[in-house]
Amino acid sequence: MADNSLAAIVLAAGKGTRMGGPLPKVLHEVCGRSMLQWVLDAVLDLKPSPTIVVVGHGREEVERSLAGKFPVEFAEQDEPLGTAHAVAAAQARLKGFEGKVLVLYGDTPALRTESLRDLVSACPKGGVSFLVAEIDDPASYGRIVRDAAGRFVGIKEERDASASERAIREVNLGAYAFDGPRLFTELAGILAAPRKNEKSEYYLTDVVGRFEKADVEVAIRRTTDPDAWLGINSPRDLARVRRVLQDRILARHLARGVKIVDPATTYVDWDVDIGEGTVLYPCTVVGRGARIGPNCEVGPFAHLRADAILREGAIVGNYVEVKKAVLGAGAKARHLTYLGDAEVGAGANVGAGTITANWDGRMKHKTTIEEGAFVGSGTVFVAPATLGKGARTGAGAIVTKGTRVPDGETWVGVPARPLPPKGTKGGNSSKEGARPGAGDPSRSGALAPGKGDDGVRG
Ligand code: UD1
Ligand code: MG
């Protein structure tokens, strides 16, 4: 059930100049999804009603990235005049709302629901709670300024801080729970005053300062896990937070009985299933949406991309890339192979250097390698192509476009043709009907290089 005493505002209107490139900052991906999606995932667990995302720069792109997946409302900040100004953009949607308002930034993807819950319950009636931490490298965070008695005075941004203030290691992590009505009263005060800081912006941090001056209760929550609150402003920050979220993802799989030989060189996106007993060898990359069954082996140096599905006991070894492909139970592709838009049946063996040529320059096509089939080393399937049940290809075979190698047969050569019975020259004519172009004299003769083979170049 939605919580009517809690609303949430997530700020996502900034350009993110320090990230470089045209992509709105909050859309940069970490472990397979955008920073904003990570933030919203944690926020929506609290079921705030409403949850408002403030958009501005790249508005359409940001809205599209959430459409249909996240139950949020959008408010537009017409000009990026600062974090307080962005909160004000959401005000109209909260008319008459009397509860608490959680305000977060869309660039803190590693935040955790439990800390948000704690922050909300710490918010005093009529007051504010916000999150701080003591960190070694406080640059780019707002500093918590205190008086001689240690009482909170306000938050100073790095660029506005004096040298002594910059030395402060207690920082604002950028998560606030406000008493709703009071938030908008103090916000009005900020927006009415001139912008006196370096960036000439309206700062949300100054709203917190006003709460303090107005003598309402300000509850400061300190966390011992500041990594969960990394604010991402640069590519360097993005790389740091990737490590944090990656460790969390891997820890979850390890706890469920997945063996990860070297977590430091294993890259697994969020939304990946891995069955118990499966081993991930070093330097393995597993993209979002991959489904790996139990007791499989993956890597070293394997790349499972979107929609790779490995059923129980399947093996994907060195330098194998799998994209939108299913490997049936016990199927193996141990070396140097590309399986894209493919289905590999149970127990099939895909030899070293096999390629599914799935892209003809305009469209993707499917390769099917049926149950128990044996693919000789260096085979190329020019898709669409099928290797029937228990069928085999010889080393270096090129199975041309539209071909189906019948069950149990062995085809060899370029283009692949049925293996001639021992002691004969030329192809096995009784099987010619199995492929297009059959009967074309220029194409007969297994093992002979094909003339005019259009499929191979596709
Ligand atoms: C902010 C805080 C700082 C804190 C840090 C924590 C302020 C003034 N400073 O600084 O105290 O230590 O976060 O990570 O709040 N945004 C808008 N509209 C705007 C400006 C920003 O929607 O006009 C959004 C951005 O998209 C971003 C978030 O607000 O998601 C924070 O803005 P950012 O520029 O990253 O603030 P910081 O400098 O990191
Ligand atoms: Mg930031």
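Just so we're clear, the structure is a prediction, and the values are computed from it rather than from any experiment.

Would you explain the packing of aromatic side chains in this entry?
Each aromatic ring pair is specified by the distance between its two centres and by the angle formed by the two planes. One pass over the full model with this rule turns up six aromatic pairs. Ring geometry for F178 and F211: centres 5.6 Å apart, planes at 50 degrees, overall tilted. Note that F178 is positioned in strand β10 (residues 170-179) and F211 in helix α7 (residues 204-213), a separation of 33 residues in sequence. Exposure class is identical for F178 and F211. Each is buried. Taken together, the ring pairs connect Y105, F130, F152, Y176, F178 and F211 into an aromatic cluster. One residue, R33, lies across the ring of W38, its end atom 4.2 Å from the ring centre. Positioned above the aromatic ring of F374, the side-chain terminus of R392 is 4.4 Å from the ring centre.

I keep staring at the domain arrangement of the protein chain and nothing clicks. Help me out?
Interface size is often expressed as the accessible area that is lost when the parts come together. Under the domain assignment, the protein chain is made up of domain 1 (6-222) and domain 2 (257-443). Between the C-alpha centres of domain 1 and domain 2 there is a distance of 50 Å.

Help me understand the coordination of the magnesium ion (ligand 2), please; the structure alone is not making it clear to me.
Think of it this way: four donors in a tetrahedron around the metal ideally sit 109.5 degrees apart, and six in an octahedron ideally sit 90 or 180 degrees apart. Donor atoms from the polypeptide that coordinate the magnesium ion (ligand 2) comprise D107 (OD) and N233 (OD1), at 2.1 to 2.4 Å from the metal. On the criterion of sequence distance, the pair formed by D107 in the loop between β6 (100-105) and α4 (113-122) and N233 in the loop between β11 (218-222) and α8 (235-255) is long-range, its members being 126 residues apart.

Please explain the pattern of salt bridges as it appears in this structure.
Two side chains with opposite charge may pair up if their charged atoms get near one another. Across all of its chains, the model carries 27 salt bridges by this definition. When the shortest N-O distance is used, the salt bridge between E76 and R59 registers 2.1 Å. Residue E76 is found in strand β5 (residues 73-76), and its partner R59 is found in helix α2 (residues 59-66); the two are separated by 17 residues along the sequence. The exposure class assigned to R59 is partly exposed, which follows from its relative accessible area of 25%. For D118, the salt bridge identified is with R221, shortest N-O distance 2.9 Å. Remark: R221 occurs in strand β11 and D118 occurs in helix α4; sequence separation between them is 103 residues. With a relative accessible area of 31%, D118 lands in the partly exposed category. Each of E134, R146, E170 and R222 takes part in salt bridges that share partners, so that together they form one network.

Reading the values: the criteria
Residues numbered from 1 in each chain as written. Chains lettered and ligands numbered in written order. Predicted model: local features only at pLDDT ≥ 70, side-chain atom pairs only at ≥ 80, totals over all residues. Heavy atoms only, no water. Phe/Tyr/Trp six-rings, centres within 6.5 Å; stacked < 30°, edge-to-face > 60°. Helix = DSSP H or I, 4+ residues; strand = E, 2+ residues; numbered from the N terminus. Buried < 20%, exposed > 50% of the residue type's maximum accessible area, 1.4 Å probe, protein only. Lys NZ or Arg CZ within 6 Å of the ring centre and 35° of its normal. Domains from an automatic or database assignment. Donors = N, O, S within 2.8 Å, 3.2 Å for Na, K, Ca; no water. Salt bridge = Lys/Arg side-chain N within 4 Å of Asp/Glu carboxyl O.

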